[in-house]
Amino acid sequence: MHESAVAQSVLESILAEAEKHNARPKSARISCGQFNALNDEAMQVAFEAAAMDTPCQGMKLAIDHKPLRTLCKSCGQSFDYDIYSGVCTGCGGENIVFEADAPLLLEEIELEQDTPNESDAAKKDPRQE
Amino acid sequence: MKVMLRKKILDKNEQAALQNRGFFSKSGLLCINMISSPGSGKTTLLARTIQDLASKLRIGVIEGDIKTDTDARKIRAAGAPAFQIETEGACHLSAQQIKDALKELPCAKLDVIVIENVGNLVCPSDFDLGEGVRVVVLSVPEGDDKPRKYPGSFSKADVVLVNKIDLLEHVEFDLDKVKRDIRRLNPDGEILQVSARTGQGMQDWYQWLRERKEQSA
């Protein structure tokens, strides 16, 4: 299950960013190519397990599967390749060339600034006293 | 607050792979990452290769298994130095593990280093170890559906060794279909038919290996 290695690496990057910005991680989005064979369910389970007892516990992870653009040399159709089907969606031909597969990336993280100052300020609001 | 990163997730592994690649290049070593499902005959194929090429190529082996040093002992019995990595559950080898293992082999006295990855056609595929050549072994009794089921591994192979070819007449295995399916994923990859048991086709593999070694020197 390569998802656990991926999850561990994603977790380390998120924790480092959160610390840098002194903020709480709320959600993250990763993206992968077709040949990475990343399974959503396994990835979620692996990330949950890795995040347990860290500031990432309970955060949301979105997984974006990037399509693999492919050209059929027989009929000229350009299409998103299904690596498990292996044929052109137009003519059923096998004479195809695909572009480079998308890399495994940590795209973005959403962080929530800790807001003790705001709540302190709210408490000190004279109208509430 | 959103932080855009677009950071490579396996960055740490890729950094270590880059260092390994630099080491192999500096030392004039050809490194082979051998990937297959369990039971395809990787170790037997390797042991025979070591014995048959004993006077021509000095081969060292890094063995990856979840547990036991059975394979490393087989390789040593065939006459080559071997270091066993026991992953204790992990389903693939990482570049850092290889970096550490290289310290345990007499690299200065070798021409070729073969990494026998953990038997698995899914997970090892994404982990660059710094190798110069990737070999995928597919054995006939596994069935002819494997390239279609595990496209990631087959798409990245420099050579696919179809092993146990001597069993072709005993099992249902459409060799033409396998070749077609591999070609589609990987138009430039070589496909060789071998039997590590009978020796059939092994000369073609040795030839390919020696040519690659010369190119890397």
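Above this note sits the structure.
Remember, it's a predicted structure, so these values are computed and weren't measured experimentally.

As for the pattern of salt bridges
All chains considered together, the criterion is met by 29 salt bridges over all chains. Note that glutamate 112 of chain A and arginine 24 of chain A form a salt bridge whose closest N and O atoms lie 3.2 Å from each other. Highlighted residues: glutamate 112 of chain A in strand 6 (residues 105-113) and arginine 24 of chain A in strand 1 (residues 23-32), separated in sequence by 88 residues. Residues arginine 58 of chain B and aspartate 111 of chain B are paired through a salt bridge, measuring 3.1 Å at the closest nitrogen-oxygen approach. Here aspartate 111 of chain B lies in the loop between helix 4 (95-102) and strand 5 (112-116) and arginine 58 of chain B lies in the loop between helix 2 (42-52) and strand 3 (59-65), a separation of 53 residues in the sequence. Classification of arginine 58 of chain B as partly exposed rests on a relative accessible area of 45%. Taking relative accessible area as the criterion, aspartate 111 of chain B reaches 14% and is therefore assigned buried.

Brief notes about the sheet that holds strand 5 of chain B
Residues and elements named next belong to chain B. Reading across the sheet, the seven strands line up as 4-3-5-2-6-7-8 and stay open at both edges, with parallel pairing between neighbours. Strands with a single pairing partner mark the edges of an open sheet, and in this sheet they are strand 4 (82-86) and strand 8 (190-193). The average angle at which neighbouring strand axes cross in this sheet is 20°, direction not considered. For strand 3 and strand 4, the ladder comprises five bridges, and the chain directions are parallel.

Brief notes about a negative patch on the surface
Residues and elements named next belong to chain B. A grouping of Glu190, Asp204, Glu211 and Glu214 is seen on the molecular surface, where their side chains present a negatively charged patch. With three residues, helix 8 (residues 202-216) is the largest single contributor of residues to the negative patch. Of note, glutamate 214 is situated in helix 8.

So, empty space enclosed by the protein
A complete count under the given rule lists one cavity of 30 Å³ or more for this structure. The volume enclosed by the largest cavity comes to roughly 50 Å³. Lining the largest cavity, in full, are Tyr81, Ile83, Tyr84, Ser85 and Gly86 of chain A together with Pro147, Arg148, Asp181, Arg184 and Leu185 of chain B. Looking at the lining of the largest cavity, the elements with two or more residues in it are helix 5 (146-149) and helix 7 (175-185) of chain B. Among the elements that line the lining of the largest cavity, the one with the most residues is helix 7 of chain B, at three residues. A breakdown of the residues in the lining of the largest cavity according to their chemical character gives five nonpolar, two polar and three charged.

Re the packing of helix 2 of chain B against helix 8 of chain B
All names here are of chain B. Here helix 2 crosses helix 8 at 70°, and the two axes come no closer than 11 Å. Judged by the inter-axis angle, helix 2 sits roughly perpendicular to helix 8. For the pair formed by helix 2 and helix 8, the contact residues are Leu45, Arg48, Thr49 and Asp52 on the first element and Met202, Trp205, Tyr206 and Leu209 on the second. Within the contact of helix 2 with helix 8, the residues separate by chemical class into five nonpolar, one polar and two charged.

Section: the sheet that holds strand 4 (residues 78-80) of chain A
All names here are of chain A. Strands sit in the order 4-3-5 across an open sheet of three strands; the sheet is antiparallel. One side of each edge strand has no neighbouring strand; the edge strands of this open sheet are strand 4 and strand 5 (96-98). Averaged over all adjacent pairs, the angle separating strand axes in this sheet is 30°, with direction ignored. Direction of pairing for strand 3 (residues 69-72) relative to strand 4: antiparallel, over a ladder of three bridges. By the bridge assignment for strand 4, leucine 71 is matched with serine 78.

Description of the packing of aromatic side chains
Residues and elements named next belong to chain A. Applying the stated rule across the entire model yields five aromatic pairs over all chains. Ring geometry for phenylalanine 79 and tyrosine 81: centres 6.5 Å apart, planes at 65°, overall edge-to-face. Across this residue pair, the class does not change: phenylalanine 79 and tyrosine 81 are buried. A network of ring pairs unites the aromatic residues Phe35, Phe79, Tyr81 and Phe98 as a single cluster.

Description of the packing of helix 2 of chain B against helix 3 (residues 70-77) of chain B
When two helices pack together, their arrangement is given by the angle between the helix axes and by the axis-to-axis distance. All names here are of chain B. With their axes 9 Å apart at the nearest point, helix 2 and helix 3 run at an angle of 20° to one another. Looking at the two axes, helix 2 sits roughly parallel to helix 3. Crossing handedness for the pair helix 2 and helix 3: right-handed. Across the interface between the two elements, Thr43, Leu46, Ala47 and Ile50 of helix 2 pack against Asp71, Lys74 and Ile75 of helix 3.

Parameters and conventions
- Residues numbered from 1 in each chain as written.
- Chains lettered and ligands numbered in written order.
- Predicted model: local features only at pLDDT ≥ 70, side-chain atom pairs only at ≥ 80, totals over all residues.
- Heavy atoms only, no water.
- Salt bridge = Lys/Arg side-chain N within 4 Å of Asp/Glu carboxyl O.
- Helix = DSSP H or I, 4+ residues; strand = E, 2+ residues; numbered from the N terminus.
- Buried < 20%, exposed > 50% of the residue type's maximum accessible area, 1.4 Å probe, protein only.
- Pairing = 2+ DSSP bridges.
- Axes fitted to C-alpha atoms, helices over the stretch in contact; angles between N-to-C directions.
- Patch = residues over 30% accessible without salt bridge, like charges linked within 9 Å, V, L, I, M, F, W, Y side chains within 5 Å.
- Areas by Shrake-Rupley, 256 points an atom, 1.4 Å probe, with all protein chains shown as cover.
- Lys, Arg positive; Asp, Glu negative; His and termini not counted.
- Charge placed at Lys NZ, Arg CZ, Asp CG, Glu CD.
- 1 Å grid on protein atoms, 1.4 Å probe; cavity = no way out; pocket = protein on both sides within 12 Å on 5 of 7 lines; lining within 4 Å.
- Points joined across faces, edges and corners; volume = space filled by probe spheres on them.
- Nonpolar A, V, L, I, M, F, W, Y, C, P; charged D, E, K, R; others polar.
- Parallel < 35°, antiparallel > 145°, perpendicular 65-115°, else oblique.
- Contact = heavy atoms within 4.5 Å.
- Phe/Tyr/Trp six-rings, centres within 6.5 Å; stacked < 30°, edge-to-face > 60°.
- Left-handed = near helix turned anticlockwise from the far one by under 90°.

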